[in-house]
Amino acid sequence: MARVQLTDVTKRYEDVTAVDEMNLDIRDGEFITLVGPSGCGKSTTMEMIAGLTKPSDGTVTIGERDVTTLPPKDRGISMVFQNIALFPHMDVYDNISFGLRLRNYEKGEIDRRVEDAASIVQMEGMLDRMPDEMSGGQRQRVAIARAIVREPDVFLMDEPLANLDAKLRVHMRTELQRLHQELETTIVYVTHDQAEAMTMSDRIAVLNRGELQQFAAPLTCYNEPANEFVAGFIGSPAMNFTNGDITASGFSSTHYDASFPTEGVAVAPGNPVTLGVRPEDVYPEEFIEDAVDPTELIGAEVDVLEPMGDEIFVYLMLGEKAGSGMGGDVSGDDSLLMSVSPDSTIAEGDRVEVALDRAKIHLFDDATGEALVHGVSRRTGAATDARGEEAE
Ligand code: ADP
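Residues numbered from 1 in each chain as written. Predicted model: local features only at pLDDT ≥ 70, side-chain atom pairs only at ≥ 80, totals over all residues. Heavy atoms only, no water.

1. Re the overall build of the protein
Along the backbone of the protein there are eight helices and 21 strands. Viewed in the frame of its principal axes, the protein has a C-alpha envelope of about 75 × 45 × 40 Å. The buried share of the protein, taken over its 392 residues, is 50%. Considering only contacts in the protein between residues 6 or more positions apart, those separated by 24 or more positions represent 65%. Accessible surface, the protein: about 17400 Å² in total, of which carbon and sulfur atoms supply 48%. The average position of the 33 basic charges and that of the 70 acidic charges among the side chains of the protein differ by 10 Å. (Helix = DSSP H or I, 4+ residues; strand = E, 2+ residues; numbered from the N terminus. Buried < 20%, exposed > 50% of the residue type's maximum accessible area, 1.4 Å probe, protein only. Contact = heavy atoms within 4.5 Å. Areas by Shrake-Rupley, 256 points an atom, 1.4 Å probe, with all protein chains shown as cover. Lys, Arg positive; Asp, Glu negative; His and termini not counted. Charge placed at Lys NZ, Arg CZ, Asp CG, Glu CD.)

2. Some words on the domain arrangement of the protein
Taken domain by domain, the protein holds domain 1 (4–231) and domain 2 (237–380). Here the C-alpha centre of domain 2 lies 38 Å away from the C-alpha centre of domain 1. Opposite the nine residues of domain 1 that make contact, domain 2 presents 11 residues. Here domain 1 meets domain 2 over a buried area of about 870 Å², counting both sides, of which 48% is carbon and sulfur. When the buried area of domain 1 at its contact with domain 2 is split by residue, Tyr222, Glu228 and Ala231 rank highest and sum to 59% of it. Connecting domain 1 to domain 2 are zero salt bridges. Here domain 1 is connected to domain 2 by five residue pairs in polar contact (both at pLDDT 80 or more). Taken together, the elements giving at least two residues each to the side of domain 1 that touches domain 2 come down to helix 7 (218–223) and helix 8 (228–233). Sorting elements by how many residues they give to the side of domain 1 that touches domain 2 places helix 7 first, with three residues. Looking at the side of domain 1 that touches domain 2 residue by residue, the classes come out as five nonpolar, two polar and two charged. (Domains from an automatic or database assignment. Buried area = accessible area lost by both parts, 1.4 Å probe. Salt bridge = Lys/Arg side-chain N within 4 Å of Asp/Glu carboxyl O. Polar contact = N/O pair within 3.5 Å; in protein donor to acceptor, adjacent residues only side chain to side chain. Nonpolar A, V, L, I, M, F, W, Y, C, P; charged D, E, K, R; others polar.)

3. What about the site of the ligand?
Surrounding the ligand, one finds Tyr13, Val16, Ala18, Pro37, Ser38, Gly39, Cys40, Gly41, Lys42, Ser43 and Thr44. Between the ligand and Gly41 there is a distance of 3.0 Å, counted from an oxygen atom to a backbone nitrogen or oxygen. Side-chain polar atom of Ser43 to an oxygen atom of the ligand: 2.8 Å apart, as the coordinates give it. When isolated, the ligand has an accessible area of 560 Å², and the protein chains bury 58% of it. (Near = heavy atom within 4 Å.)

4. Regarding the sheet that holds strand 1 (residues 4–12)
The strand order across the open sheet formed by four strands is 2-1-4-5, and the pairing between neighbours is antiparallel. The open sheet has two free edges, formed respectively by strand 2 (17–26) and strand 5 (65–66), since each of these has just one partner strand. Sheet topology places strand 1 next to strand 2; six bridges connect them, and they run antiparallel. Bridged to Val9 within strand 2 is Met22. Across the sheet, helix 1 (residues 42–50) lies against strand 1, strand 2 and strand 4 (57–62), angled at about 120° from strand 1, the strand it touches most. (Pairing = 2+ DSSP bridges. Axes fitted to C-alpha atoms, helices over the stretch in contact; angles between N-to-C directions.)

5. A word on the nonpolar core
By size, the foremost hydrophobic cluster in this structure holds 31 residues, and its most contacted members are Ile144, Ile148, Met157, Leu176 and Tyr189. Breaking this core down by element, the ones donating at least two residues are helix 2 (92–102), helix 3 (107–120), helix 4 (136–148), strand 7 (154–158), helix 5 (166–183) and strand 8 (186–191). At six residues, the largest contribution of residues to this core is made by helix 4. Residue contacts for Met157: discarding those within four places in its chain leaves Met46, Val80, Leu176, Leu179, Ile187, Val188, Tyr189 and Val190. In this structure, Tyr256, Val273, Ile298 and Val354 belong to the second largest nonpolar core, which totals 30 residues. (Core = buried A, V, L, I, M, F, W, Y, C linked by side-chain atoms within 4.5 Å.)

6. Digging into the confidence of the model for the protein
Any segment with low pLDDT has predicted coordinates that should not be analysed in fine detail. In this model, the protein carries an average pLDDT of 90, and 93% of its residues clear a pLDDT of 70 or more. Predicted confidence is poor over residues 325–330, with pLDDT under 50, and the contacts of this stretch with residues over four places away or in other chains come to 16 contacts. Below pLDDT 50 for its whole length, residues 379–392 participates in 33 contacts with residues either more than four positions away or in separate chains. (pLDDT = per-residue confidence, 0-100.)

7. Things to note about empty space enclosed by the protein
Evaluation of the coordinates by the stated rule reveals two cavities of 30 Å³ or more. Residue lining of the largest cavity: Ile120, Val121, Arg141, Ile144, Glu175, Leu176, Arg178 and Leu179, and that is the complete set. Tallying contributions element by element places helix 5 first for the lining of the largest cavity, with four residues. For the lining of the largest cavity, the per-class residue count stands at five nonpolar, no polar and three charged. (1 Å grid on protein atoms, 1.4 Å probe; cavity = no way out; pocket = protein on both sides within 12 Å on 5 of 7 lines; lining within 4 Å. Points joined across faces, edges and corners; volume = space filled by probe spheres on them.)

8. Details of the sheet that holds strand 11 (residues 240–247)
What the six strands build is an open sheet, ordered 13-12-11-14-20-21; its pairing is antiparallel. Each end of this open sheet is capped by a strand with a single partner; those strands are strand 13 (257–259) and strand 21 (371–374). Strand-to-strand twist in this sheet, taken as the mean axis angle between neighbours without regard to direction, amounts to 30°. Here three bridges tie strand 12 (residues 250–252) to strand 13, and the two strands are oriented antiparallel to one another. Bridge pairing links Ser252 to Asp257 in strand 13.

Shown next as structure tokens:
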């Protein structure tokens, strides 16, 4: 087990800065996930921890050691990648023990480690199976067991579930969490899938364009996103955003206003802000008593319904767009996505009145993209520290 620290780590390629002054302090035994859209620098960051890529600037520390210039084999790490490369002509036992045999470990020690690792990934009775006799999930478990037997200080996993089908991926998420609980080893995990990041990690590091946006517990990123990028990236379906202005009495946009006290908001009236609200924090009039602090009603027309079973996604059109039949686009200021209970009797084409829950409204400063306030009725006044560690 070991703490992993990146200090001002930058990686420049000729005309791209893949990772820009990254600072990460990963606690001993923590499961953290690097998440962000394709090209944001996740793999490059991971490769610099692994020793596969050398930083242009900055230092990488594992445990007490500065490993910035050490080769991968001297870093006390094990890696699991997306492409499961098992040796096809070797059975499970030989695949798992390959690295140990190469390093001339004693037979008894190899047997002990292989048995332990196989039981952790629940492959005990299958040590003589060949790769072509196993499912994709079983092969991935063998790859994980092969990483476990090396008893590393840190596991590095780069999209290890990406090639598995959806059902197996969800199952393997649970297995990886169990594995982490059992081994208590530091895990650094890479994925572009925010749901995977949310469900498994102690903390997630959200990256965009090589820069760290927020490093915090999944629910903190969800409830108190540091900026508009994190707000839009974490959560599915995505948060609604409306462009408008802060006024003396609240928020004003082309198609709706929302009143709230603005003294605590760190931008002066007249300045452009973006209001963010998640689909589950928009309420139709029929369920308005469920909101903590509903805003004034907003007139809308129901464009499209998407029944999901446990909830219904309702695409709403505001203002002139209502009636034009051009909905389904929730990125514009003239639409909102609302999620309602399946008990709702809302139908496509209905004229409805909806309210936003003030307690769940986020405001972002258009000048910087940074969060100003989470919950306008609580009037916290300032967003939580965007980049720093959470309070312990
Ligand atoms: P992610 O893993 O988040 O998809 P990467 O870390 O692979 O992102 O890449 C980050 C950025 O660095 C991208 O713009 C990518 O094109 C660039 N990049 C990565 N590796 C190289 C390389 N070897 N040479 C040049 N540019 C690279």
